[in-house]
Amino acid sequence: MHCLFVPAMLFCGQRHPLDAERNGIVEISPLDEMHEVISMASLTEQTESFLTRHFTRPSLTWRQSFLLIVPLLAENTFSTMFGLINTGMISAAGMASLSAVSLIDTLNGFLFVFYSGIATGACVVVANYRGRGNAEKLHEACVQAVTAVTLFTIATSLFIFLLHGPVLQLLLGAADPDVFEKGKLYLLGGALTLPLVGVTTAMCGVLRGIGEGRTALLYTIISSGLYVLLNVVTLSILQMDIPGLILSISLSRVLNVPLLLLLKHLGKSSFRFRVRELLRINFHILRSIMRVGFPCALESLFFTGGRLVTQGFIVPMGTMAVVSYNVSYSVMSLIQIFANTINSAMFTIAGICMGKGRTDDVRSLTKSWFAVNTAIYVVMIGVTLISFDFLVQFYNAPAEIVPQIYQCVLMTAIVQPIVHNAGFMLPSVFRAVGDGAYCTVVSLSIMWIVRVFGGYALGVWLAMGVPGVWIAMILDWAVRAIIYGVRFRGSRWLRHRILD
């Protein structure tokens, strides 16, 4: 009977079980294949059900939220990673160059965050009009966003050129002469093309706000890659040190504007405007932008100012202390890459919900994304601690300060998933619903009382050095988390409105 069955199997194109066994082939029966398909379908249904339950509300679906977050996440990741590469290249030029760039980048941030705050206000207003479905007002808000941010970047450039002397003396007065001169050159060289950064930053913010984050993502990848390539030429090949860094910054910024316009055209963006539109100011929309953006900008300005003052405590401790603090801060920033993306996306998510009048959606979606951020922090902390040795080698950190860097990073890892999450995600939501004034008062009070005064008390008076300043920063996070957590449990923050 078996002999008769074999030819029949061959005729039908089937393998004999014995042949499969001899050839080491594992046969999968149709029934097993069916079970596998059913299992995959079941897993897909379960995932869909989970995402719908936790991240879909009448205001927007989980897919719409992901379309906002994923391009922004990739964009921030590429920007941060390219920034790390550039920092590694400038560190090869010596500790004086690294210290100068680190210190001036903080000062640049002091000015950059001001118009970034205005851009945040513009993003919230754009999201509210998008939620309302008002196409005409949405277009006007997008144009006014570019106008407002560009004007503020021009103002910041003028500020740098007019007051760079006193500011540099305040920031770098106790630094080594070599660090001071390199810092001055880097600051003034970068200020020349700062308004171009305002144009591209505002346009990318608008593209994300109207749901065209892929264009902004593509721009970020290409522009960051171009910047790295220029740095490879000027820093690694030609070894031009700070002048080479300034040259690559200037060239990349000049090329970035036509690059973004080209990508917007190729992507058939719905955001189309004429240059003369940028010259017209709509005070009604601009007032709405400033209502959110100015408190946010003011807070960011004084927040970074507090960080500058704190950094001023560290400069007299020596170049090694400056390097230790800045490398620790850079490693800590790696942990925050993905979480900060969610925080930024919450401006748009909460803004769309408020535009549709769905205050309940704001609260429930904030809880869901808070849980996601907590998990992200835990994963990123694990990855960072595992790759710590590689990171300090990448930054060319001297062996004598590596234990101190690890101490600071470890302190951050212990508390960051909860206190930093609550202290910085919740204010994004509050600002998106119009409660920015409260956030500004709380943030500035805590910043100057806890971080600045506490940093001086621990770092200088008690001679704890960089770890003392770091502990004060963590205490700042903890106090913010408590105050904002209590605020979130109430309902007063939901009574505000962005648009008239």
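About the thresholds
Counting starts from 1 at the beginning of each chain's written sequence and moves along it residue by residue. Side-chain atom pairs in this predicted model are given and counted only at pLDDT of 80 or more, local residue features only at pLDDT of at least 70, and totals for whole chains, interfaces and linings cover all residues. The basis for the side-chain values is all heavy atoms of the structure; hydrogens and waters are excluded. Secondary structure elements follow DSSP: runs of H or I no shorter than four residues count as helices, runs of E no shorter than two count as strands, and numbering proceeds from the N terminus. Any residue under 20% of the maximum accessible area for its type is buried, any over 50% is exposed, and the rest in between are partly exposed; the area is computed with a 1.4 Å probe on protein chains only. Whether two residues touch is decided by their heavy atoms; if any such pair falls within 4.5 Å, the residues are in contact. Here, Shrake-Rupley sampling with a 1.4 Å probe gives the accessible areas, and only protein chains in the shown set may cover a residue. Residues enter a nonpolar core if they are buried and are Ala, Val, Leu, Ile, Met, Phe, Trp, Tyr or Cys, with the set joined through side-chain atoms within 4.5 Å. Any Lys or Arg side-chain nitrogen found within 4 Å of a carboxyl oxygen on Asp or Glu counts as a salt bridge. Note on method: axes are straight lines fitted to C-alpha atoms, helices fitted across the in-contact stretch only, with angles between N-to-C directions ranging 0 to 180 degrees. Oblique is the label for every angle not falling under 35 degrees (roughly parallel), over 145 degrees (roughly antiparallel), or within 65 to 115 degrees (roughly perpendicular). Each crossing gets its handedness from the near helix: less than a right angle anticlockwise from the far helix is left-handed, clockwise is right-handed. Residues are grouped as follows: Ala, Val, Leu, Ile, Met, Phe, Trp, Tyr, Cys and Pro are nonpolar; Asp, Glu, Lys and Arg are charged; every other residue, Gly included, is polar. To pair, rings of Phe, Tyr and Trp, with the six-membered ring standing in for Trp, must have centres within 6.5 Å; the planes then decide the type, stacked if under 30 degrees apart, edge-to-face if over 60, and tilted in the middle. Charge-over-ring contacts are defined here by two conditions on Lys NZ or Arg CZ: a distance within 6 Å of the ring centre and an angle within 35 degrees of the ring normal. Residue-level confidence of the predictor is what pLDDT reports, using numbers from 0 through 100. Polar contacts, as used here, are pairs of N or O atoms within 3.5 Å; protein pairs need one atom able to donate a hydrogen and one able to accept it. Residues neighboring in sequence count only if both atoms are side-chain atoms.

What to know about the overall build of the protein chain
Thought 1: Per the secondary structure count, the protein chain includes 18 helices and 0 strands.
Thought 2: The buried share among the 500 residues of the protein chain stands at 53%.
Thought 3: Intrachain contacts of the protein chain at a sequence separation of at least 6 include 82% that bridge at least 24 residues.
Thought 4: Surface summary for the protein chain: the accessible area is close to 22,900 Å², and the carbon and sulfur share equals 68%.

Re the nonpolar core
Thought 1: Counting 134 residues, the largest nonpolar core has Y186, I349, V362, W369, I405, W470 and W493 as its most contacted members.
Thought 2: With sequence-adjacent residues up to four places away left out, W369 is seen in contact with F55, S65, F66, I69, I342, M346, I349 and M425.

Regarding the pattern of salt bridges
Thought 1: Scanning the entire structure with this criterion turns up 7 salt bridges.
Thought 2: In this structure, D241 engages K182 in a salt bridge whose closest nitrogen and oxygen atoms are separated by 2.9 Å. Here the residue D241 occupies a position in helix α10 (residues 241–266), and K182 occupies one in helix α7 (residues 177–191), the gap between them amounting to 59 residues.
Thought 3: On the accessibility criterion, K182 (16% relative accessible area) is buried.
Thought 4: Close ionic contact of R358 with D361 constitutes a salt bridge, the shortest N to O distance being 3.4 Å.
Thought 5: R358 sits in the partly exposed class, given a relative accessible area of 35%.
Thought 6: Connected via shared salt-bridge partners are D178, K182 and D241.

Here we look at unusual backbone geometry
Thought 1: A positive phi angle is found at D241, which is not glycine, with a value near 60°.
Thought 2: At K268, a position not held by glycine, the phi torsion is positive, near 55°.

Here we look at the packing of helix α12 (residues 283–314) against helix α18 (residues 466–489)
Thought 1: With their axes 10 Å apart at the nearest point, α12 and α18 run at an angle of 155° to one another. The pairing of α12 with α18 is recorded here as roughly antiparallel in orientation. By crossing handedness, the relation of α12 to α18 is classed as right-handed. Packed against α12, whose contacting residues are E299, F303, T310 and I314, the element α18 presents V466, V469 and R480 at the interface.
Thought 2: The residue makeup of the contact of α12 with α18, split by class, is 4 nonpolar, 1 polar and 2 charged.

Focus on the packing of aromatic side chains
Thought 1: On inspection of all chains with the given rule, the structure shows 13 aromatic pairs.
Thought 2: Within the aromatic cluster, the residues linked to one another by ring pairs are F55, W62, F66 and W369.
Thought 3: Sitting over the face of the ring of F488, R363 holds its NZ or CZ atom 5.4 Å from the ring centroid.
Thought 4: The cationic tip of R487 hangs over the ring face of Y438; the distance from NZ or CZ to the ring centre is 3.8 Å.

With respect to the confidence of the model for the protein chain
Thought 1: Of all residues in the protein chain, 87% attain a pLDDT of 70 or more, and the chain-wide mean is 81.
Thought 2: Ranking the elements of the protein chain by mean pLDDT puts helix α1 (residues 2–11) last with 41 and α18 first with 94.
Thought 3: Contacts from residues 1–26, a stretch scored under 50 in pLDDT, to residues over four places away or in other chains number 12 contacts.

As for the environment of W470
Thought 1: With respect to the secondary-structure elements, W470 resides in helix α18.
Thought 2: A polar side-chain atom of W470 sits 2.9 Å from the main-chain carbonyl oxygen of C408.
Thought 3: Polar contacts involving the side chain of W470 include one to the side chain of T412, which spans 2.8 Å.

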